[in-house]
Amino acid sequence: MQPVPIQAMNTRVVRVSTAKDYWTILFGIWLIGGIFVDGFAHNHGVVETFFTPWHAILYSGFMVSAIWMCWLLYRSKRTTGLPWIKAAPVGYGLGLIGVVIFLLGGLFDMYWHVVFGIEQNTAALLSPSHLMLLLGGILILSSPFRAGWHNEKWTKPSWVEFAPAFLSLVITVGAVSFFLMYAWTFRYNLPAAAVVDWYVSHFNGGIVSESNEMRGLTYILLDTLIYMYPVFLLMKRWQLPFGAMTLLFAMITTMMNVLDGFVYYQSIIIAGAAGLLGDLLYHYLKAGEGRMWAQRIIAGALPVALWGFYFGYMNAVDGIGWSAELWSGSIVEATLLSLGVHFLSASKGKG
């Protein structure tokens, strides 16, 4: 092997091919699938020990991801002769750190379960060992997205090229959403008339009803951020192929539906319809050509569509228990939040 020039050793130029990014995504889907199946088990009280089929899916997904990423590092080191740190492919350096964090988190999780038992419901999301697994998982799952982000040749990619980075973002957002399941609007439907009536009849209204209104508004605002910030990242970096927003919204919502056995499957249609409107606006207004005003229209229109469809469906099948000021104001506030975040995220620079 010819020695690598000093100039080359000081520059991170190692990239994996699109085909290898697809393998990373495949293993990442295995990992995230294990996370959501394990979440379903926790939510339904079927987890009894650390050694369960659910954990087997989760940790086997991690193991194949870890082996794959370490192999990519090894191959890069052998091919380039670069030092180990510089040999990490672009976008995969943090992912390899994530492998270490996830491994330590898994060992910590086993110890935690042995000492403190098995957590249920919200407590499982706040376990220090589980939060450590979240950090490691995010770094692993987001590797193809970072690789695509730093590939300057990709400005208007085809779906074949774009899919690994896109799916990487989707499953990363899915992991974050998983740990915020206690604030997922579609699981609780707090504005629904039946839900409001239940709280009034059981707690005689008053402060409990007002507290649930504040909870519902908080959930809507938080979920707006979960849906919209990935859109802003995508629009900032690439000219998007048609269907990106539809798939983003629908896939995130589909993953969250796994947690409850698709009881709230209607939310997938609601979110997908809002995403479709975003795709239509994006291409009709040519937002991908750097038209910031068009992107801001999208930033405002998507929350209106998402929560407008949500309340519209609710009104049709069950009725809205919130006052008109509250439900309409929540849509306006979500829209203003989205626009504000877009102003911040659309500032100059790509990193």
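As a reminder, the structure under discussion sits directly above these lines.
A few points on the structure. Bear in mind that the values here come from a model prediction, so they are computed numbers and not experimental data.

As a further point, take helix α13 (residues 244–258). The terminal C-alpha atoms of α13 lie 21 Å apart, and with 15 residues this matches the ideal 21 Å at 1.5 Å per residue to within 8%. Within the span of α13, buried status applies to Ala244, Met245, Leu248, Phe249, Ala250, Ile252, Thr253, Met255, Met256 and Asn257.

So, on to the side chain of threonine 185. Of note, threonine 185 is situated in helix α10 (residues 185–188). We classify threonine 185 as buried; its relative accessible area is 3%. Reaching out from threonine 185, the side chain makes a polar contact with the backbone nitrogen of isoleucine 220 at a distance of 3.5 Å. Excluding residues within four positions of it along the chain, threonine 185 makes contact with Tyr219, Ile220, Asp223, Trp307 and Tyr310.

Considering the arrangement of structural elements, one finds isoleucine 97 in helix α5 (residues 93–116). Considered as a pair, isoleucine 97 and glycine 136 are 39 residues apart in the sequence and their alpha carbons are 7.5 Å apart.

What follows covers unusual backbone geometry. Located in the positive-phi region is phenylalanine 262, a residue other than glycine, with phi close to 60 degrees. If you trace the backbone, phenylalanine 262 turns up in the loop between α13 and α14 (266–284). Even without glycine at this site, lysine 286 takes up a positive phi of about 55 degrees. In this fold, lysine 286 is placed in the loop between α14 and α15 (292–317).

Evaluation of the coordinates by the stated rule reveals 27 aromatic pairs. Aromatic pair phenylalanine 145 and tryptophan 149: ring centres 5.7 Å apart, planes at 45 degrees, arrangement tilted. Of the two residues, phenylalanine 145 and tryptophan 149 are both situated in helix α8 (residues 143–149); the distance of four residues between them amounts to about one turn of the helix. Using a relative accessible area of 11% as the deciding quantity, one classes phenylalanine 145 as buried. Stacked on the ring of tyrosine 188, the Lys or Arg arginine 215 has its end atom at 5.9 Å from the ring centre.

Contact geometry for helix α9 (residues 159–178) and helix α12 (residues 207–237): axes closest at 11 Å, N-to-C directions at 155 degrees. One way to sum up the angle between α9 and α12 is to call them roughly antiparallel. The chirality of how α9 crosses α12 is right-handed. Taken together, the residues of α12 that come into contact with α9 (itself represented by Phe162, Phe166, Leu169, Val173 and Ser177) are Ile226, Pro230, Leu233 and Leu234. Class assignment of the residues belonging to the contact of α9 with α12 gives a composition of eight nonpolar, one polar and no charged.

Counting 92 residues, the largest nonpolar core has Leu234, Trp238, Leu240, Phe249, Trp307 and Phe311 as the members making the most contacts within it. Among the elements that line this core, the one with the most residues is α15, at 11 residues. If we skip the residues at most four places from it in the chain, phenylalanine 249 touches Tyr227, Met228, Val231, Ala271, Gly272, Ala274, Gly275 and Leu302.

Right, let's talk about the pattern of salt bridges for a bit. A complete count under the given rule lists one salt bridge for this structure. For the salt bridge of arginine 187 with aspartate 260, the shortest nitrogen-to-oxygen distance reads 2.6 Å. Of this pair, arginine 187 sits in helix α10 while aspartate 260 sits in the loop between α13 and α14, placing them 73 residues apart in sequence.

Turning our attention to helix α16 (residues 324–345). With 22 residues, α16 extends 32 Å from end C-alpha to end C-alpha; this agrees with the ideal 32 Å at 1.5 Å per step. The complete set of buried residues in α16 reads Leu326, Ser330, Ile331, Ala334, Thr335, Ser338, Val341, His342 and Ser345. Looking at the buried positions of α16, the neighbouring elements they touch are α12 and α15.

Cut-offs applied
- Residues numbered from 1 in each chain as written.
- Predicted model: local features only at pLDDT ≥ 70, side-chain atom pairs only at ≥ 80, totals over all residues.
- Heavy atoms only, no water.
- Helix = DSSP H or I, 4+ residues; strand = E, 2+ residues; numbered from the N terminus.
- Expected span 1.5 Å × (residues − 1).
- Buried < 20%, exposed > 50% of the residue type's maximum accessible area, 1.4 Å probe, protein only.
- Polar contact = N/O pair within 3.5 Å; in protein donor to acceptor, adjacent residues only side chain to side chain.
- Contact = heavy atoms within 4.5 Å.
- Phe/Tyr/Trp six-rings, centres within 6.5 Å; stacked < 30°, edge-to-face > 60°.
- Lys NZ or Arg CZ within 6 Å of the ring centre and 35° of its normal.
- Axes fitted to C-alpha atoms, helices over the stretch in contact; angles between N-to-C directions.
- Parallel < 35°, antiparallel > 145°, perpendicular 65-115°, else oblique.
- Left-handed = near helix turned anticlockwise from the far one by under 90°.
- Nonpolar A, V, L, I, M, F, W, Y, C, P; charged D, E, K, R; others polar.
- Core = buried A, V, L, I, M, F, W, Y, C linked by side-chain atoms within 4.5 Å.
- Salt bridge = Lys/Arg side-chain N within 4 Å of Asp/Glu carboxyl O.

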